[in-house]
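Summary of structural features
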Amino acid sequence: MIIAIDGPAGVGKSTVARLLAARLGYLYLDTGALYRAVAWKTLRSGIRPTDHESVTTLMPTTLIHMQFLNGAMQVSVDGSDVTEELRTPEVTATASIVSAIPAVREWLLPIQRQIGQRGSVVAEGRDVGTKVFPTAAYKFFLEADADVRVARRHRELVAAGRGGAVETTSGDLADRDRRDRTRSIAPLIPAGDARLIDTSALSPDQVVEQMIATVSTGS
Ligand code: DC
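For clarity, every value in this text was computed on a predicted model and none was experimentally measured. (Residues numbered from 1 in each chain as written. Predicted model: local features only at pLDDT ≥ 70, side-chain atom pairs only at ≥ 80, totals over all residues. Heavy atoms only, no water.)

Focus on the site of the ligand
Around the ligand lies a shell of 14 residues, among which Arg36, Arg105, Arg126, Asp127 and Arg183 are the nearest. Within the contact set of the ligand, an oxygen atom lies 2.9 Å away from a side-chain nitrogen or oxygen of Arg126. Asp127 is positioned such that a nitrogen or oxygen atom in its side chain is 2.8 Å from a nitrogen atom of the ligand. In the shell around the ligand, the residues fall into 2 nonpolar, 5 polar and 7 charged. (Near = heavy atom within 4 Å. Polar contact = N/O pair within 3.5 Å; in protein donor to acceptor, adjacent residues only side chain to side chain. Nonpolar A, V, L, I, M, F, W, Y, C, P; charged D, E, K, R; others polar.)

Quick notes on helix 4 (residues 89–98)
Val91, Thr92, Thr94, Ala95, Ser96 and Val98 are the residues of helix 4 that are buried. Packing partners of the buried residues in helix 4 comprise helix 2 (31–44), helix 3 (52–58), helix 5 (102–116) and helix 8 (166–182). (Buried < 20%, exposed > 50% of the residue type's maximum accessible area, 1.4 Å probe, protein only. Helix = DSSP H or I, 4+ residues; strand = E, 2+ residues; numbered from the N terminus. Contact = heavy atoms within 4.5 Å.)

Observations regarding the sheet that holds strand 3 (residues 64–69)
Strand order in the open sheet made by the 3 strands is 3-4-5, with antiparallel pairing throughout. Single-partner strands in this sheet number two, and they are strand 3 and strand 5 (80–81). Here 2 bridges tie strand 4 (residues 72–77) to strand 5, and the two strands are oriented antiparallel to one another. For Ser76, the partnering residue across the bridge sits in strand 5 and is Asp81. On top of the sheet, helix 2 reaches strand 3 and strand 4; it is set at about 30 degrees to strand 4, its chief contact. (Pairing = 2+ DSSP bridges. Axes fitted to C-alpha atoms, helices over the stretch in contact; angles between N-to-C directions.)

Topic: the pattern of salt bridges
Evaluation of the coordinates by the stated rule reveals 11 salt bridges. Through salt bridges that share partners, Arg126, Asp180 and Arg183 make up one connected network. (Salt bridge = Lys/Arg side-chain N within 4 Å of Asp/Glu carboxyl O.)

Side note on the sheet that holds strand 8 (residues 195–198)
With respect to topology, 5 strands assemble into an open sheet ordered 2-6-1-7-8, the strand pairing being parallel. In this open sheet, the two edge strands, each paired with only one partner strand, are strand 2 (27–30) and strand 8. For this sheet the average axis-to-axis angle between neighbouring strands, irrespective of direction, equals 20 degrees. For strand 1 (residues 2–6) and strand 7 (residues 138–143), the ladder comprises 4 bridges, and the chain directions are parallel. Opposite Asp6, over in strand 7, you have Phe141 as the bridge partner.

What to know about the nonpolar core
Counting residues in hydrophobic clusters, the biggest one holds 37 residues, and the most contacted among them are Val38, Ile64, Met66, Val75, Val104, Leu108 and Phe133. The element contributing the most residues to this core is helix 2, with 7 residues. Aside from chain neighbours lying at most four places away, what touches Ile64 is Leu34, Ala37, Val38, Val75, Ser76, Val77, Trp107 and Leu108. Residues Tyr138, Phe140, Ala144 and Ile212 belong to the second largest nonpolar core, which totals 19 residues. (Core = buried A, V, L, I, M, F, W, Y, C linked by side-chain atoms within 4.5 Å.)

Considering helix 5
Here helix 5 contains 15 residues, and its C-alpha end-to-end distance of 21 Å stays within 8% of the 21 Å for a straight helix at 1.5 Å per residue. In the structure, helix 5 departs most strongly from a straight axis at Leu108, where the bend amounts to approximately 25 degrees and where the proline Pro110 lies between one and four residues downstream. Every buried residue of helix 5 is accounted for by Val104, Arg105, Leu108, Leu109, Ile111, Gln112, Ile115 and Gly116. (Expected span 1.5 Å × (residues − 1). Bend = angle between axes of the 7 residues up to and from the residue.)

With respect to the packing of helix 2 against helix 4
The N-to-C vectors of helix 2 and helix 4 enclose an angle of 105 degrees; their axes lie 8 Å apart at closest approach. In terms of axis orientation, helix 2 runs roughly perpendicular to helix 4. Residue-level inspection shows Tyr35, Arg36, Val38, Ala39, Trp40, Thr42 and Leu43 of helix 2 in contact with helix 4, the latter providing Glu90, Val91, Thr92, Thr94, Ala95 and Val98. (Parallel < 35°, antiparallel > 145°, perpendicular 65-115°, else oblique.)

Now the structure itself:
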């Protein structure tokens, strides 16, 4: 059983997906963490993320492992636990760039699908309902007003001790959105059969309640 949740940055996907997975007793798969892991390796290797060829040559020798401990996901790259380092601004910006490289997306596809076979999963990302799990039992696409998304992302950064100017957050989010929505391969778009939820005026719990209602009625 797969529940797919897609949407842009700052829309509340991770919070909602984690809560929903906990409520249902499912695994939580954060697919963005895999793109962040590739970004981490790219930065660590001193390769420019726009250098598609060099990033592509990294893939066959890269070992990404995800494990789930008490519902939390832990990511290692080539044997090192990089979970904490995946949230830095450098990794965030680089992930958005390397995720547009077709070879990176192809390489991560079977890794995501293998995790999907480990049991019932709530999977969250940009192309989970369209590409990774097109036959997911339930698909949700979250949206929210741009200013709400900027405010949410800024609060997260402040809580993590990385809050800068709100204008910087706004600019970074707009850049990521543009790249994610306009890339030629697996752009961020709702699956035709996804249920759209505007989270602008909803709390995470309210979004989860809507999802549970959909899942429990099988509609
Ligand atoms: O959800 P996130 O912010 O952790 O994702 C990091 C980047 O990875 C994001 O800019 C786009 C990319 N990504 C993607 O292209 N496809 C996914 N399924 C998940 C993330």
